[in-house]
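Remarks on the overall topology
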Amino acid sequence: MAKRSKAYEAAVAKIEEGKQYAPVDAVKLAKDTNPSKFDATVEVAFRLGVDPRKADQMVRGTVILPHGTGKTARVLVFATGDRAEAAIAAGADFVGSDDLIEKIAGGWTDFDAAVATPDLMGKVGRLGKVLGPRNLMPNPKTGTVTVDVAKAVNEIKGGKIDFRVDKHSNLHFIIGKVSFDAKQLAENYAAALDEVLRLKPSTSKGRYLQKATVTTTFGPGISVDPNVTKVLTEA
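Residues numbered from 1 in each chain as written. Predicted model: local features only at pLDDT ≥ 70, side-chain atom pairs only at ≥ 80, totals over all residues. Heavy atoms only, no water.

Naming follows an unreviewed UniProt entry, where the protein chain appears as Large ribosomal subunit protein uL1 of Arthrobacter russicus. The heading Subunit (unreviewed entry) in the UniProt record of the protein chain holds the text "Part of the 50S ribosomal subunit." (UniProt positions renumbered as here; feature names shortened; annotations may be inferred.)

**Notes on the overall build of the protein chain**
For the protein chain, the count of helices and strands is eight helices and nine strands. Along the first, second and third principal axes, the C-alpha set of the protein chain runs to 55 × 45 × 40 Å. Burial statistics for the protein chain: of 235 residues in total, 46% are counted as buried. Nonlocal contacts in the protein chain, meaning residues at least 24 apart in sequence, comprise 72% of its contacts between residues at least 6 apart. If you sum the accessible surface of the protein chain, you get close to 12,200 Å²; carbon and sulfur atoms cover 50% of it. (Helix = DSSP H or I, 4+ residues; strand = E, 2+ residues; numbered from the N terminus. Buried < 20%, exposed > 50% of the residue type's maximum accessible area, 1.4 Å probe, protein only. Contact = heavy atoms within 4.5 Å. Areas by Shrake-Rupley, 256 points an atom, 1.4 Å probe, with all protein chains shown as cover.)

**A word on the pattern of salt bridges**
A complete count under the given rule lists eleven salt bridges for this structure. Between Lys 71 and Asp 112 there is a salt bridge, and its shortest N-O distance comes to 3.4 Å. Highlighted residues: Lys 71 in the loop between strand S2 (60-64) and strand S3 (75-78) and Asp 112 in the loop between helix H4 (98-105) and strand S5 (113-116), separated in sequence by 41 residues. Given the relative accessible area of 25%, Asp 112 is considered partly exposed. (Salt bridge = Lys/Arg side-chain N within 4 Å of Asp/Glu carboxyl O.)

**Re the packing of helix H3 (residues 81-90) against helix H7 (residues 149-157)**
In the contact formed by H3 and H7, the axes pass within 8 Å of each other and the chain directions differ by 25°. As far as their axial angle goes, H7 and H3 are roughly parallel. Here the hand of the crossing between H3 and H7 comes out right-handed. Every residue of H7 that contacts H3 at Arg 83, Ala 86, Ala 87 and Ala 90 is listed here: Val 149, Ala 150, Val 153 and Asn 154. Tallied by class, residues from the contact of H3 with H7 come to six nonpolar, one polar and one charged. (Axes fitted to C-alpha atoms, helices over the stretch in contact; angles between N-to-C directions. Parallel < 35°, antiparallel > 145°, perpendicular 65-115°, else oblique. Left-handed = near helix turned anticlockwise from the far one by under 90°. Nonpolar A, V, L, I, M, F, W, Y, C, P; charged D, E, K, R; others polar.)

**A few points about the packing of helix H2 (residues 23-32) against helix H8 (residues 182-198)**
With their axes 9 Å apart at the nearest point, H2 and H8 run at an angle of 125° to one another. Classed by the angle they form, the pair H2 and H8 counts as oblique. Note that H2 runs across H8; the crossing there is right-handed. Between H2, through Pro 23, Val 24, Val 27, Lys 28 and Lys 31, and H8, the contact on the second element is made entirely by Ala 182, Leu 185, Ala 186 and Tyr 189. Broken down by class, the residue content of the contact of H2 with H8 amounts to seven nonpolar, no polar and two charged.

**Examining the nonpolar core**
Within the largest apolar cluster, 40 residues are counted, with the highest numbers of intra-cluster contacts made by Phe 46, Leu 48, Leu 171, Phe 173 and Tyr 189. For this core, the secondary-structure elements that each account for two or more residues are H2, strand S1 (41-48), strand S6 (160-164), strand S7 (170-177), H8, strand S8 (209-216) and strand S9 (222-224). If one sorts the elements of this core by residue count, H8 sits on top with nine residues. Ranked by size, the runner-up nonpolar core spans 16 residues in total, among them Leu 100, Leu 120, Leu 127 and Leu 131. (Core = buried A, V, L, I, M, F, W, Y, C linked by side-chain atoms within 4.5 Å.)

**Quick look at the sheet that holds S8**
Reading across the sheet, the four strands line up as S7-S1-S8-S9 and stay open at both edges, with antiparallel pairing between neighbours. In the strand order of this sheet, the two ends are held by S7 and S9, each with one partner. Adjacent strand axes in the sheet meet at a mean angle of 25° when their direction is disregarded. Sitting on the sheet, H2 touches S7, S8 and S9, and the angle it makes with S9 is about 170°. On top of the sheet, H8 reaches S1, S7, S8 and S9; it is set at about 155° to S7, its chief contact. (Pairing = 2+ DSSP bridges.)

**Thoughts on the environment of Val 231**
Mapping Val 231 onto the fold places it in the segment after S9. Using a relative accessible area of 17% as the deciding quantity, one classes Val 231 as buried. Along the chain, Val 231 and Leu 193 lie 38 residues apart, while their C-alpha atoms are 8.9 Å from each other. Leaving out residues up to four positions away in the same chain, Val 231 has contacts with Pro 23, Ala 186, Tyr 189, Ala 190 and Leu 193.

Here's what the structure looks like:
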């Protein structure tokens, strides 16, 4: 086991063992316990009471964070003709069709989100083994298979994130940077939480939101009270 730094140990000492914090208090503590000198990412993990092996309990969706993620997403668009030009005008980082498909098939995935026009999905679908495990495959349910590629690019650049429950029933979100103030982080947390709650499968039994944790890139996890679903953004 790697030896923990003094900064990390000092951060852990500020967290009350066994306590579940209100969301706004958790993000304040995450900022305060960040052991890194750089502007670290603030992340949230939810444990859900679902069985992701069942198709009707697969929780997947998108949310536009009101304050963005603090990171400018690199967006790739599979499009041709006028739609390719619209994607470029909207600020897409990579635009193409067969050339990009060939490059990705060779293992290149240096982008954060992918959008495709419906007419190209027959070709893009062949990239499932490369894009699928990285949650980069365009999907109509997340608005990334669309003729309006400019809108999709603008939303992603503006803070739209997509999420999917993993095989362990966990969801992971980026909700901002340590440089965000606590109100911004709490409002981003609230937006993500609201969408997760809205997507609760009707077949999910028992407690749906079982556990929530806030952390920074290299910081300790801070337990959030999962019973607090109406998030106050100011303490």
